Each structure stands twice: as C-alpha cells, then as structure tokens.
Amino acid sequence: MNAFDRPLPNPSRNTTCDTSQVLKESGQREVFCGLTGIVWLHRKIQDAFFLVVGSRTCAHLIQSAAGVMIFAEPRFATAIIEEKDLAGLADMNDELDAVVARLLERRPEIKLLFLVGSCPSEVIKLDLPRAASRLSKSHAPDVRILSYSGSGIETTFTQGEDTCLASLVPELPAQPADADDNLLVVGALADIVEDQFRRCFEAMGIEKVDFLPPRRAADLPAVGPKTKFLLAQPFLAETSGILEERGAERLPSMFPLGAEGTEKWFRTAGEAFGVSEDAIERALAPGRQRAHTALEKYRSLLGGKRLFLFPDSQLEIPLARFLQREMGMELVEVGSPYLHRAHLADELDALPDGVLISEGQDVDRQLDRCRDAQPDIVVCGLGLANPLEAEGMTTKWSIELLFTPIQGFEQAGDLAELFARPLVRRLKLEV
Ligand code: SF4
C-alpha cells in the first residue's frame, strides 16, 4: 500500500528535508532477520555465546552469514527444534536445559549465554525469557543467561543487535548516588574504532567513558541518572528507551559517519560535558583534517553519481546524508525500514529538501522505481543485489556496512571507498 507518490527530488536544492512528505509503504519485503546480528555481536563480546533456538533454516542462515568464519571453537550455535518438538511430542524445556548444561560443561570460558529466539521458537511459544531465568539460577554465579528475539517476523537484520542490547540493560549495575557524570556509547563498534573514540574523548577531557556492549561480560557499565548516552548506531530504539527508563539521558546527535557526522557526534558529547570550544577544536581538528584528506580522492569518482538506497540496515538516512553532503552524490531515493524520527532528527534535517524518502517496503513497486530511475549505484540487501547486477546495475550490499569498521574520522575514507569500489569495478568491466 502506498500512502502517496511524489516527484523525484531536485538535487540542486539544499535546504531542510520535510519528513511529513515521506512515502510510506507496506507490502512484500526483502530483508534478513535479526539472527544476522550474531555475526558481529559474537566478535564484540568475547566471552559470550549465542545459542539460537531454531530450525535448520536458522542454522543455515547463521552459517551462510558468517561465511568463511569457521572457528575451532565457535561462539554461536543452533539448538535445532525437531519435528517432534514442533508437534509437542517432546518437552523442549528439558531438552534445552540438557543442551545448555552440555555446552557450559564443555566451554567453561563462557560467561554470558544468550538464548536467541527465532520464528520456530515463537511459533511453538517457547518461553525463552523464563527458560533464561531458570537456567541463570542453576548456572549462577559462573554464567549469566539472557534471552532475546532474533525472529524474522516484522524485523530487520540490525534489530537483532537492538533486542540483544536491550536484554543487557536490566543487567547493568545501578550507579552509586555519589557517582560523577559518565558517558555511555551505545552500539557495537569494532574494537579499533572504540579505541580511537576513547582517545578522542580523553583528548577532550572526558575520562569516564563506557561502551555498551562491553568486550567482556564482567565489564557491564553502571547506569543511572548521571549517565548521558550517545547512540553509535541508528537502529537502537528499544535499547535507548530502556536506558531512559533507568534514568539515563540520550544526547541527540548526528551519527559518527563521515567527517561531518563524526565531528557533530563528538561535539554533542563535548558540549554536554561542559568542554570548552577550544578544547573540543584541539581534540577534533587533527582527525577532521585526516578525514577530509582521505575523502578527497573519492570525491571526483562519487560526485554527481545517482544513488538509490533500498530499506535494509536502518543506516540509510545517515549514509545518504554523508554521501550527498560530503561526497556530492545525488539522492534518487532513500529507503529505510523504519524512520525513528526522534533519533534521526539531526540527520533528516541535513538531507536536501525534496529528496524522496520511503519508509517500509513494497519491493515490486520499489524495484519499478529503481529501474525507471536507472541510478549509478544501488545499496540493497543480498537478495536484491544479484538480480539487479544481472540487469546491469551496480550494487553495494548493505550488510557490509555492519561487518566493516566505518564510524569515525579514521574510517571516513574506507566508508567512501565501499561505494567507490563497485563503481570502479563496473568501469573496468565496461572497458
Ligand atoms: S529466525 Fe525466522 S527468518 Fe530467521 S532464519 Fe530462522 S526461520 Fe528464517
């Protein structure tokens, strides 16, 4: 169903984007489910294990998404729900308890176990939160056991991270009453990016900085009314809401993609913590300069190229802002599975007026618009990329944006290169 259609944008205008004019669609969608998040989350929390309670399809999805990452001791697995379980002929809870006991006996290094719900576990109404609470009691204090849903019903693949982090928030210790203000960065970042961010906050004089998720289960940061938090990813609506319920204050900002987004993100923290303009400028100037230098070499390649983003990762709005404002690309359509207007307010304000933003998906109609527009590059999920390439279009898999470190000044050039590379490859093929 389409709320309305409106003309394609005039890229020469560059005033504030009017979000009351968003094309809302609901229809068939082409997205991966939230189980996909395990692929980057298991690398981040190094003593956690993700046990999907699902079908062979779920196991297959995780194995394919994880690709070549075959470990001697992997940190994710699937407890397969067999047909007899689906038919109610076996007690799934007993089987789950036995699987978890065997796993924890064999892998004593696991300190945090996530039971990850799937479509099949939800269909048979397996109560994973209750199972997690029961198992936590029997395996305490060595292992903490939590649950979250990675089910594909009405979700996007990045929502798995949101539900996972949301399950962690109630576990965060309460801040002592006499605690100093602390800054919490929320969203999984590559370790290298986290280290760079910590150094930049220190250069601004903000010393008490925590990250969620932490690298180790024992390092859960304290949270409370003295906590101010910055979202590092735009798809963390549930986590953000639960943190606010615990008294933490969200600092509204752009997201740290590209030189502009990164600068605004750090400035938001600096201003909230009373850092002087001079100190902010001194801390940010070198990184900003390096980012501008790195971006320069991609500008001639990307500038003026027409970009179409299908809704997939929920990173589409900040990406569109970066590619249009810093790389000079022309936005044909910016699709997003959901538009969290409060979290994206600064990003939406920075988009050019008149740009076609779509929320939700009716994939056939959107494919028609894409074919009509014949953009230079299409950002989309894996399911659409191959057919579109076969039709002669140049595509970029949006899932790569989650597997690649792209946030911050030092990664701005790598982010631009992700979009330049398929264009260069296409040019070579055409020679
Ligand atoms: S959770 Fe649902 S959508 Fe995801 S792999 Fe399993 S069955 Fe498929």
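Keep in mind that what you see is a predicted model, and the values were worked out from it rather than measured.

Chemist: Sorry, what's going on with the sheet that holds strand β6 (residues 182-186) here?
Modeler: Neighbouring strands of a sheet are bound in pairs by backbone hydrogen bonds; such pairs are parallel or else antiparallel. Strands sit in the order β7-β6-β8-β9 across an open sheet of 4 strands; the sheet is parallel. Only two strands of the sheet have a single partner each, and these edge strands are β7 (209-212) and β9 (249-250). One ladder, built from 4 bridges, connects β6 with β7; its direction is parallel. Residue pairing for β7: Val-185 is matched across the bridge by Phe-211. Helix α8 (residues 191-204) rests against β6, β7 and β8 (227-231) of the sheet, and its axis sits at about 155° to β7.

Chemist: What is the right way to look at the packing of aromatic side chains in this model?
Modeler: The geometry of an aromatic ring pair is captured by two quantities: the separation of the ring centres and the angle between the planes. Under the counting rule described, the total for this entry stands at 11 aromatic pairs. Between Phe-197 and Trp-265, the ring centres sit 4.9 Å apart and the planes meet at 45°, which makes this aromatic pair tilted. Of this pair, Phe-197 sits in helix α8 while Trp-265 sits in helix α10 (residues 258-272); the two residues are 68 residues apart in sequence, bridging distant segments of the chain. Residue classification places Phe-197 among the buried residues on the basis of a relative accessible area of 2%. Aromatic ring contacts, followed pair by pair, group Phe-197, Phe-201, Trp-265, Phe-266 and Phe-409 into a single cluster. In this structure, Arg-43 is placed above the aromatic ring of Phe-403, and the distance from its NZ or CZ to the ring centre is 6.0 Å.

Chemist: What is the right way to look at the nonpolar core in this model?
Modeler: The nonpolar side chains of a soluble globular protein tend to be buried, and buried together. Phe-50, Phe-114, Phe-201, Leu-302 and Phe-419 are the most contacted members of the largest nonpolar core, which has 102 residues in total. In terms of residue count, the dominant contributor to this core is helix α11 (residues 277-302) (8 residues). If we ignore the near neighbours within four places in the chain, the residues touching Leu-302 are Leu-323, Met-327, Gly-328, Met-329, Ala-416, Phe-419, Ala-420 and Leu-423. Of all hydrophobic cores here, the second largest spans 20 residues; its members include Leu-51, Met-92, Val-100 and Val-143.

Chemist: Sorry if this is basic, but what is going on with the packing of α10 against α11 here?
Modeler: Helix-helix packing: each pair is described by the crossing angle between the helix axes and the interaxial distance. For the pair α10 and α11, interaxial distance at closest approach is 10 Å and the crossing angle is 170°. With respect to α11, the element α10 is oriented roughly antiparallel. The two elements α10 and α11 meet at a crossing, and its hand is right-handed. Counting all contacts with α10, which are made through Ala-259, Glu-263, Phe-266, Arg-267, Gly-270 and Glu-271, the residues of α11 involved are Glu-277, Ile-280, Glu-281, Leu-284, Arg-288, Ala-291, His-292 and Leu-295.

Chemist: I tried to follow the pattern of salt bridges on my own but got confused; where do I start?
Modeler: Oppositely charged side chains can pair when the atoms bearing their charge come close. Tallied over the full model, the rule gives 34 salt bridges. Residues Asp-191 and Lys-44 are paired through a salt bridge, measuring 2.7 Å at the closest nitrogen-oxygen approach. On the criterion of sequence distance, the pair formed by Asp-191 in helix α8 and Lys-44 in helix α1 (residues 38-44) is long-range, its members being 147 residues apart. The salt bridge involving Lys-264 is made with Glu-260; its shortest N-O contact spans 3.4 Å. Of this pair, Lys-264 and Glu-260 both sit in helix α10, 4 residues apart, which is roughly one turn of that helix. Among the residues examined, Glu-260 registers a relative accessible area of 16% and is labelled buried. The structure contains a network of salt bridges with shared partners spanning Lys-44, Asp-191, Glu-194, Asp-195 and Arg-215.

Parameters at a glance
- Residues numbered from 1 in each chain as written.
- Predicted model: local features only at pLDDT ≥ 70, side-chain atom pairs only at ≥ 80, totals over all residues.
- Heavy atoms only, no water.
- Pairing = 2+ DSSP bridges.
- Helix = DSSP H or I, 4+ residues; strand = E, 2+ residues; numbered from the N terminus.
- Contact = heavy atoms within 4.5 Å.
- Axes fitted to C-alpha atoms, helices over the stretch in contact; angles between N-to-C directions.
- Phe/Tyr/Trp six-rings, centres within 6.5 Å; stacked < 30°, edge-to-face > 60°.
- Buried < 20%, exposed > 50% of the residue type's maximum accessible area, 1.4 Å probe, protein only.
- Lys NZ or Arg CZ within 6 Å of the ring centre and 35° of its normal.
- Core = buried A, V, L, I, M, F, W, Y, C linked by side-chain atoms within 4.5 Å.
- Parallel < 35°, antiparallel > 145°, perpendicular 65-115°, else oblique.
- Left-handed = near helix turned anticlockwise from the far one by under 90°.
- Salt bridge = Lys/Arg side-chain N within 4 Å of Asp/Glu carboxyl O.

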